[in-house]
Amino acid sequence: MKRTIFSSLLLMIAIAFTACGGGQSETETAESQTAEQEDQQMMDDGVRTIEIFGTDDLRFKVQEDAEGLQLGESSGEYTVLEAIEASPGEEIRIVLTTVSQLPPAAMSHNWTLVEMGTDVDTFARESLAARDNDYISPNFEDQVIAHTAMIGSGETDTITFTVPDEPGEYDYICTFPGHYAGGMVGKLIVQ
Ligand SMILES: [Cu+2]
C-alpha cells in the first residue's frame, strides 16, 4: 500500500514537471518572437548580415547568394555555405536558424568561430562533454572568437562580431555532438 502511494506521488510529480515544462516553452516562444522583431530592426542598420540555416544533414546553409559567400551544393531552398570572405576589422552579423524535424535534444546547432591555429578536432571532441556549457569546452573558451547560442528547431539566434585583423583562414563549426565530424564546418577567410 505504501508503495502504491509512493508511486502515485512520483506520477504526480512527473505530471507537474511536464506541465511546468510546457509553460516554459510557451514563454520561450513569446521571447523568440520579440527577439525576431528586434532582429528586424537591427538588420536595417547597414551591418553585413548573413542568415545561416542549420539543417538535419549537418550543414550550414543559406537561402540567398551574396557577395563574399562561397557556396556548395544546393538542395531545395538551401545551398551549402562553405566559406565567408571578410575584411579585417569588418563587422558581421550572423543570424542562425535551426531547421529540423527533431527535438532540440537530438538536433540543435550553434555557429562557433575559433582563432586561427585552434586544434578544432580536439575542441569538438572535448566539447561533447560540455553539455552544461552549450557544448563549448571551457578549456577552449579563450580560443572562441564568437558563437551563437545552441538552438533547436525553429529557434533563431543573432550575434554580431568583429572580424580579426590578422588575414588567414578561421574555422567555424557547430559544437553539438557529432556535427563537426559530420561536416558542420566552414571557413571565415580574412583577406
Ligand atoms: Cu549542429
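Here, every reference points to the structure presented above.
This write-up is about the structure you can find in this document. Bear in mind that the values here come from a model prediction, so they are computed numbers and not experimental data.

## Looking at the overall build of the protein chain
Piece 1. Regarding its fold elements, the protein chain presents two helices and ten strands.
Piece 2. Going from the N terminus to the C terminus, the protein chain shows its helices and strands as α-β-β-β-β-β-β-α-β-β-β-β.
Piece 3. By the burial criterion, 39% of the 191 residues in the protein chain qualify as buried.
Piece 4. Residue pairs at least 24 apart in sequence account for 65% of intrachain contacts in the protein chain once pairs closer than 6 positions are excluded.
Piece 5. Carbon and sulfur atoms make up 51% of the accessible area of the protein chain, which totals about 10,800 Å².

## Focus on a negative patch on the surface
Piece 1. Judged by side-chain charge, E115, E141, D142 and E166 come together as a negatively charged surface patch.
Piece 2. With respect to the secondary-structure elements, E141 resides in the loop between α2 (120–127) and β7 (144–147).

## Focus on the side chain of S100
Piece 1. Within the secondary structure, S100 sits in the loop between β5 (91–98) and β6 (112–114).
Piece 2. By relative accessible area, which is 13% here, S100 ends up buried.
Piece 3. At 2.7 Å, the side chain of S100 forms a polar contact with the side chain of D56.
Piece 4. Apart from the residues lying within four places of it in its own chain, the contact partners of S100 are D56, M107 and S153.

## Some thoughts on the coordination of the copper ion
Piece 1. Within the protein, H109 (ND1), C174 (SG), H179 (ND1) and M184 (SD) serve as the donor atoms for the copper ion, at 2.0 to 2.8 Å.
Piece 2. Around the copper ion, the four donor atoms sit at angles spanning 80 to 134°, and that spread fits a shape best called irregular.
Piece 3. Read in sequence order, the donor residues for the copper ion give the motif H-x64-C-x4-H-x4-M. In this pair, C174 sits in the loop between β9 (168–173) and β10 (185–190) while M184 sits in the loop between β9 and β10, placing the two residues ten residues apart along the sequence. Comparing C174 with M184 shows no difference in burial state: the two are buried.

## A look at the pairing of β10
Piece 1. Here strand β4 (residues 78–86) runs beside β10; their pairing, made up of four bridges, is parallel. Residue pairing in the sheet places E85 in a bridge with I189 of β10.
Piece 2. As paired elements, β9 and β10 share six bridges and run antiparallel to each other. By the bridge assignment for β10, D171 is matched with K187.

Criteria and cut-off values
- Residues numbered from 1 in each chain as written.
- Predicted model: local features only at pLDDT ≥ 70, side-chain atom pairs only at ≥ 80, totals over all residues.
- Heavy atoms only, no water.
- Helix = DSSP H or I, 4+ residues; strand = E, 2+ residues; numbered from the N terminus.
- Buried < 20%, exposed > 50% of the residue type's maximum accessible area, 1.4 Å probe, protein only.
- Contact = heavy atoms within 4.5 Å.
- Areas by Shrake-Rupley, 256 points an atom, 1.4 Å probe, with all protein chains shown as cover.
- Patch = residues over 30% accessible without salt bridge, like charges linked within 9 Å, V, L, I, M, F, W, Y side chains within 5 Å.
- Salt bridge = Lys/Arg side-chain N within 4 Å of Asp/Glu carboxyl O.
- Lys, Arg positive; Asp, Glu negative; His and termini not counted.
- Charge placed at Lys NZ, Arg CZ, Asp CG, Glu CD.
- Polar contact = N/O pair within 3.5 Å; in protein donor to acceptor, adjacent residues only side chain to side chain.
- Donors = N, O, S within 2.8 Å, 3.2 Å for Na, K, Ca; no water.
- Tetrahedral: all angles 85-135°; square planar, octahedral: opposite > 155°, others 65-115°.
- Pairing = 2+ DSSP bridges.

Purely geometric stuff here, so don't read any function into it on its own.
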